[in-house]
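Summary of the model geometry
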Amino acid sequence: MKRLILAAVLAASAPAAMAHEPAVAPASAQVVDGAAAPAISVVDAFHAALSSGESEAVLALLSEDAMVLEEGGAERSRDEYAGHHLPADMDYAAATEAEITRRVAWVEGDIAWVLTEGRTSGAFNGRPVDSITAETMILQRQAEGWRIRHIHWSSRAPT
């Protein structure tokens, strides 16, 4: 329970950034606990699967009870996400380019946090996209490896 509370506090207070497709961040922009590398690989694989439209690969990286918070809404399971925002998220990731500008990641026991800041550009549904993005992913080490338990995406127009 303490980890869940800590995760909620960190997700609400830490600067993070959304990126639906990973890009290589400059080394100076990363503050990463070396133990977090396998969890970061899962986050990057998730984004690669999103941008290539591989829904089965996306879903395989989510825990069954994963919660996805996006644009003020909540999807409270992998199945709910699959039935709602996943298709649009794949279309968006395929249509836009994302740049990671900063990433912070660390591991505590079987929990990993990967916080990413970035910028997404391109066009989606006939409209230009230029957003500063924030993403928080909380992963849990399970028998089959790291799985994403929570995603929080947000974005805003650049100033």
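Here the structure is a predicted model, which is why all the values come from computation and not from measurement.

**Overview of the overall build of the protein**
When its secondary structure is counted, the protein shows five helices and seven strands. Listed by position from the N terminus, the elements making up the protein come as α-β-α-α-β-β-α-α-β-β-β-β. Taking all 159 residues of the protein together, 40% fall into the buried category. Put simply, of all contacts in the protein between residues at least 6 apart along the chain, 62% involve residues at least 24 apart. Split by element, the accessible area of the protein, about 8,000 Å² in all, is 54% carbon and sulfur.

**Regarding unusual backbone geometry**
In this structure, Glu-71 takes a positive phi of about 50° despite not being glycine. Locating Glu-71 in the fold gives a position in the loop between strand 2 (62-70) and strand 3 (73-75).

**Looking at the nonpolar core**
Phe-46, Leu-50, Tyr-81, Leu-139, Ile-148 and Ile-151 are the most contacted members of the largest nonpolar core, which totals 27 residues. When residues of this core are traced back to their parent elements, those giving at least two are helix 2 (37-51), strand 2, helix 5 (86-95), strand 4 (96-108), strand 5 (111-124), strand 6 (127-142) and strand 7 (145-156). Leave out the neighbours within four places in its chain, and Ile-148 touches Val-42, Phe-46, Leu-61, Leu-62, Ser-63, Ala-66, Met-137, Ile-138 and Leu-139.

**Some words on the packing of aromatic side chains**
Under the criterion given, the structure shown has three aromatic pairs. Between Phe-46 and Trp-153, the ring centres sit 6.3 Å apart and the planes meet at 35°, which makes this aromatic pair tilted. Placement of Phe-46 in helix 2 and of Trp-153 in strand 7 is noted, with a sequence separation of 107 residues between them. You'll find Phe-46 and Trp-153 in the same group, each marked buried. Centroid distance Tyr-92 to Phe-124: 5.2 Å. Interplanar angle 75°. Geometry classified as edge-to-face. Residue Tyr-92 is located in helix 5, and its partner Phe-124 is located in strand 5; the two are separated by 32 residues in the primary sequence.

**Quick look at the environment of Thr-120**
Note that Thr-120 resides in strand 5. Note: C-alpha distance between Thr-120 and Glu-97 (23 residues apart in sequence) is 5.6 Å.

**Brief notes about the pattern of salt bridges**
Side-chain pairs of opposite charge can arise where the charged atoms are in close proximity. Taken as a whole and assessed by the stated rule, the structure comprises six salt bridges. Across the salt bridge formed by Arg-141 and Asp-110, the nearest N and O atoms sit 3.0 Å from each other. Taken as a pair, Arg-141 in strand 6 and Asp-110 in the loop between strand 4 and strand 5 lie far apart in primary sequence, 31 residues in all. On the basis of relative accessible area, Arg-141 is assigned to the partly exposed category, the value being 39%.

**Re helix 2**
Taking 1.5 Å per residue as the helical rise, helix 2 with its 15 residues ought to reach 21 Å, and the 21 Å between its terminal C-alpha atoms agrees with that figure. Listing the buried residues of helix 2 in full gives Ala-39, Ile-40, Val-42, Val-43, Phe-46, His-47, Ala-49 and Leu-50. Taken from the residues just after helix 2, Gly-53 is the one with a positive phi, measuring 75°.

**Thoughts on the pairing of strand 7**
Note that strand 2 and strand 7 share five bridges and pair parallel. Residue pairing across strands places Glu-70 opposite Trp-153, the latter belonging to strand 7. The pairing of strand 6 with strand 7 spans 11 bridges and is classified as antiparallel. Paired with Gln-140 across the strands is Arg-147, a residue of strand 7.

Cut-offs and rules
Residues numbered from 1 in each chain as written. Predicted model: local features only at pLDDT ≥ 70, side-chain atom pairs only at ≥ 80, totals over all residues. Heavy atoms only, no water. Helix = DSSP H or I, 4+ residues; strand = E, 2+ residues; numbered from the N terminus. Buried < 20%, exposed > 50% of the residue type's maximum accessible area, 1.4 Å probe, protein only. Contact = heavy atoms within 4.5 Å. Areas by Shrake-Rupley, 256 points an atom, 1.4 Å probe, with all protein chains shown as cover. Core = buried A, V, L, I, M, F, W, Y, C linked by side-chain atoms within 4.5 Å. Phe/Tyr/Trp six-rings, centres within 6.5 Å; stacked < 30°, edge-to-face > 60°. Salt bridge = Lys/Arg side-chain N within 4 Å of Asp/Glu carboxyl O. Expected span 1.5 Å × (residues − 1). Pairing = 2+ DSSP bridges.

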